[in-house]
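The primary structure of each chain is shown beneath.
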Amino acid sequence: MAVGTRPEAIKMVPVIRALRASTRLRPLVVSTGQHRELLAEVFDLAGIRPDVDLAVGEPGLPLNHLFARVLSGLQDALAELLGPADSVTVDGPAARYPAWALVHGDTSSAAAVALAAFHLRMPVAHVEAGLRTHRTATPFPEELNRQLVARIAAFHLAPTSLNEENLILEGVRHEQVFVTGNTAVDALLWAAATARPSGLPELDALLADPGRPLVVVTAHRRENLATRALGHVAAALAQVAAERPGTAFVLPLHPNPAVRAQLRPALDPLPNVLLTEPLPYPVFAALLGRAALVVTDSGGVQEEAPALGVPVLVTRESTERTEGVDAGTLRLVGTETGAVAAAVRHLLDDDRARAAMAAADNPYGDGRAAERIVAALEHLTFRTPKPARFGSGYRRAAVLRAAGFDETAIHRAERA
């Protein structure tokens with residue numbers, strides 16, 4: 001299995017741990033190397049050491065160069081570790097090559113690994129398959145990467161029934177899709193069990209003070225950076241923070257200097273805004289659990305915060321996690337300064353609205369996704385018993401929509 005970014009590492013740690021516990025399969029962990037330090041923090045916590053490091057990362061590396069380095073680097077690394085590529089025949093890989101290539105999500109490195117595995121005739125299993133916005137430029141390049149991997153994968157591990165539906169509508173046979181729940185929920189529950197002090201006195205004081213309202217913010221999306229929308233979101237948060245000095249805002253900053261340059265000017269001067277370096281995942285899990293609400297453009301946080309009963313405002317123009325919007329755990333607010341500020345004020349001021357979002361059922365998982373994934377791989381490889389899928393297979397919002405209720409009424413009912 002291949003991992004390149006910190007979010008990928010967080011979501012794949014439960015799968016690696018479940019594979020390690022298997023008596024039939026074992027993981028060969030490949031780090032693509034573009035976020036090595038951030039990856040190491042997550043892997044060290046879980047006691048994981050990559051078997052292969054492609055070391056492709058460097059600051060400012062263009063996406064095409066990253067893709068090419070991963071594509072060729074994986075083949076070279078596997079040839080060195082397991083034997084030459086010419087041992088791969090038209091009938092499949094040599095016996096010493098992995099039985100499955102697992103890739104996660106939507107990064108360019110995941111798409112490159114999937115293509116490299118296809119060229120080596122290793123079957124690809126796609127973890128977190130089927131997420132769609134249906135707009136290839138939003139988010140960029142993630143949406144198209146998902147679609148590329150879907151064309152390559154033999155087995156699609158979809159978090160939700162809506163993700164399964166997306167794949168079927170694109171021509172994937174439903175017999176190749178398994179609904180598992182999202183491993184993000186598995187990872188969150190694992191991390192919460194390993195909670196520890198952050199080492200930052202100001203942050204530890206906030207975590208220990210449940211009486212003070214706390215807003216957690218993450219902001220880093222490529223499309224928001226390119227349009228300078230991060231600066232608009234920062235301006236909105238600065239307005240609300242200045243109006244409410246008793247409310248704390250915590251924003252762990254992304255390492256990208258361009259991201260920081262858009263966020264710092266508006267937020268740095270405010271005493272109730274704490275800007276931190278990226279936090280260890282267990283600390284971030286504890287921070288989410290303490291929050292009154294979350295403002296984010298992160299895909300993973302849209303899945304994680306609802307598992308802890310925390311409302312989420314999504315600062316994007318579209319989201320591939322529409323189940324959360326339908327369920328009422330997420331609210332899509334865009335990036336315009338006035339709209340973001342109004343949405344944050346509303347949830348801080350309206351206890352009933354905040355409580356309704358907090359109480360909505362999380363559609364993304366029950367903490368057993370990795371267990372289902374490994375059981376399915378064992379079933380495919382060794383004909384062991386087939387595992388049961390996650391969820392009941394229907395969504396209330398979808399049924400109401402088919403019955404003729406309009407979108408506004410559906411979402412109002414979900415929030416009531």
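Above this note sits the structure.
Presented here is an overview of the structure given in this document.

Rules behind the numbers
- Residues numbered from 1 in each chain as written.
- Predicted model: local features only at pLDDT ≥ 70, side-chain atom pairs only at ≥ 80, totals over all residues.
- Heavy atoms only, no water.
- Helix = DSSP H or I, 4+ residues; strand = E, 2+ residues; numbered from the N terminus.
- Rg over C-alpha atoms; globule rule 2.2 N^0.38 Å.
- Buried < 20%, exposed > 50% of the residue type's maximum accessible area, 1.4 Å probe, protein only.
- Contact = heavy atoms within 4.5 Å.
- Axes fitted to C-alpha atoms, helices over the stretch in contact; angles between N-to-C directions.
- Left-handed = near helix turned anticlockwise from the far one by under 90°.
- Nonpolar A, V, L, I, M, F, W, Y, C, P; charged D, E, K, R; others polar.
- Pairing = 2+ DSSP bridges.
- Right-handed = clockwise from strand over helix to strand, strands pointing away.
- Expected span 1.5 Å × (residues − 1).
- Core = buried A, V, L, I, M, F, W, Y, C linked by side-chain atoms within 4.5 Å.
- Phe/Tyr/Trp six-rings, centres within 6.5 Å; stacked < 30°, edge-to-face > 60°.

Moving on, we get to the overall build of the chain. When helices and strands are tallied, the chain shows 19 helices and 13 strands. Against the globule reference of 22 Å for 416 residues, the chain gives a C-alpha radius of gyration of 21 Å, in line with a compact fold. With the C-alpha coordinates aligned to their principal axes, the bounding extent of the chain is approximately 65 × 50 × 40 Å. Taken across its 416 residues, the chain has 56% of its residues classed as buried. In the chain, once contacts between residues fewer than 6 apart in sequence are set aside, the share between residues at least 24 apart is 66%.

The next point concerns the packing of helix H3 (residues 63-82) against helix H4 (residues 108-119). Direction vectors running N to C along H3 and H4 enclose 35°, while the axes themselves pass 8 Å from each other. Considering the relative orientation of H3 and H4, their crossing is right-handed. Where H3 approaches H4, its residues Leu63, Leu66, Phe67, Val70, Leu71 and Leu74 are matched on the opposing element by Ser108, Ser109, Ala111, Ala112, Val113, Leu115, Ala116 and His119. Residues belonging to the contact of H3 with H4 are distributed by class as follows: eleven nonpolar, three polar and no charged.

Time to look at the pairing of strand E11 (residues 293-296). Side chains Leu293 and Val295 of E11 all project onto a buried face; the interleaved residues Val294 and Thr296 project onto the opposite face, where all are buried too. Strand direction decides the pairing type here: E11 and strand E12 (residues 312-314), joined by three bridges, are parallel. Counterpart to Thr296 in the pairing with E12 is Val314. In this fold, E11 hands off to helix H13 (residues 299-307), which returns the chain to E12; that crossover is right-handed.

All right, on to H4 then. Compared with the 16 Å implied by 1.5 Å per residue over twelve residues, the 17 Å span of H4 between its first and last C-alpha is a close match. Of all twelve residues in H4, nine are buried, a share of seventy percent or more. Within the sequence span of H4, burial applies to Ser108, Ser109, Ala110, Ala111, Ala112, Val113, Ala114, Ala116 and Ala117. On its buried side, H4 packs onto strand E1 (2-3), helix H1 (6-21), H3, strand E4 (101-104), strand E5 (124-127) and helix H5 (142-152). One or two positions beyond H4, positive phi appears at Arg121, with a value near 60°.

Taking strand neighbours across the sheet as the criterion, the six strands line up as E10-E9-E8-E11-E12-E13 in an open arrangement whose pairing is parallel. Two strands lie at the open edges of the sheet, namely strand E10 (273-276) and strand E13 (330-332), each paired on one side alone. Here the average twist between neighbouring strands, direction ignored, is 20°. Across the sheet, helix H10 (residues 229-243) lies against strand E8 (214-218), strand E9 (248-252), E10 and E11, angled at about 150° from E9, the strand it touches most.

As a further point, take the nonpolar core. If you look at the biggest cluster of nonpolar residues, it comprises 58 residues, and the most contacted ones within it are Phe43, Leu102 and Val294. Per-element accounting of this core gives the leading share, eight residues, to H1.

A regular strand carries its side chains on alternate faces of the sheet. Across the five residues of E9, five count as buried, placing the element largely inside the fold. In this sheet, E9 lies alongside E8 in parallel orientation, the contact comprising three bridges. Counterpart to Leu214 in the pairing with E9 is Ala248. The pairing of E9 with E10 spans four bridges and is classified as parallel. By the bridge assignment, Leu251 is partnered in E10 with Leu275.

With that settled, the discussion passes to the packing of aromatic side chains. The full count for this structure, using the stated rule, is one aromatic pair. Seen in terms of ring centroids, Trp100 and Phe155 are 6.3 Å apart; in terms of plane orientation they differ by 50°. Their pairing is tilted. In this pair, Trp100 is assigned in the loop between H3 and E4 and Phe155 in strand E6 (residues 155-158), connecting sequence segments 55 residues apart.

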